[in-house]
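Spelled out, the chains give:
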Amino acid sequence: MSHPELLILRHGETTWNAENRMQGELNSPLTEKGLRDAARQRTILETCDLSGFVFLTSPQGRAFQTAGIALAGIADHIRTDDRLREIGVGDWSGRLRDELPMPPGKDPFMAQYEIAPNGEGFARLKQRCRAFLADLTGPAVLVTHGITSSMIRGLVVGEKAHASRTAHGGQGCVYHLKNGVQFLLE
């Protein structure tokens, strides 16, 4: 399946990101670094030709605030789409990661999202992201979250989307997906 060209932004750093706390469906404010992350994304987007692009954001506060900064002066209209929200972590929302079980395996950090009691899990997130992508009719700039971004990128370009992890988890940069290839704009 082919997908339209996408530019994907993760929200800027939040207080809970800095504390290593699970956010999921809850929200915490952007830190000073998070505000700089969003401004950096705007600088990157200003170098791109965004003619014909639509601008979509998660309705969650941290993404919505990032969109307001990163797309200021660029987008005339920004729509929210609930399918861009972060993966739900159920009973673990607001909890410190260090207090939670660390499942064995190659990526215990990611496994925490799968085993969170009353959480959404990856299968439902994948279904939500597939439905979102199927509804896109043209190029888009998306402002979303770390795990949701990762899922969308994986669906569009495959496992190569996760070949190189970034130290910042995508905050302050832009993922450019075109013709089945992902580029990291920093």
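The rules behind each value
- Residues numbered from 1 in each chain as written.
- Predicted model: local features only at pLDDT ≥ 70, side-chain atom pairs only at ≥ 80, totals over all residues.
- Heavy atoms only, no water.
- Helix = DSSP H or I, 4+ residues; strand = E, 2+ residues; numbered from the N terminus.
- Rg over C-alpha atoms; globule rule 2.2 N^0.38 Å.
- Buried < 20%, exposed > 50% of the residue type's maximum accessible area, 1.4 Å probe, protein only.
- Contact = heavy atoms within 4.5 Å.
- Areas by Shrake-Rupley, 256 points an atom, 1.4 Å probe, with all protein chains shown as cover.
- Pairing = 2+ DSSP bridges.

With respect to the overall build of the chain
- Helix and strand counts for the chain stand at six helices and six strands.
- The linear arrangement of helices and strands in the chain, starting from the amino end, is β-α-α-β-α-β-α-α-β-α-β-β.
- What you see for the chain is a C-alpha radius of gyration of 16 Å, in line with the 16 Å of a compact globule of 186 residues.
- Considering only C-alpha atoms, the chain reaches an extent of 45 × 40 × 25 Å along its principal axes.
- Burial status across the chain gives 48% buried among its 186 residues.
- In the chain, 71% of the contacts between residues at least 6 apart in sequence involve partners at least 24 apart.
- In the form shown here, the chain has an accessible surface area of approximately 9000 Å², with 51% of it arising from carbon and sulfur atoms.

Quick notes on the pairing of strand 1 (residues 6–10)
- Across the five residues that make up strand 1, a large majority, five, are buried.
- Burial of strand 1 is two-sided: the residues L6, I8 and R10 facing one way and the residues L7 and L9 facing the other way are all buried.
- With five bridges joining them, strand 1 and strand 4 (residues 140–144) adopt parallel strand pairing. Paired with I8 across the two strands is L142, which belongs to strand 4.
- Here strand 1 pairs with strand 5 (residues 174–178) via three bridges, running antiparallel. Bridge assignment links L7 to a residue of strand 5, and that residue is H176.

Any link to function would need more than the numbers given here.
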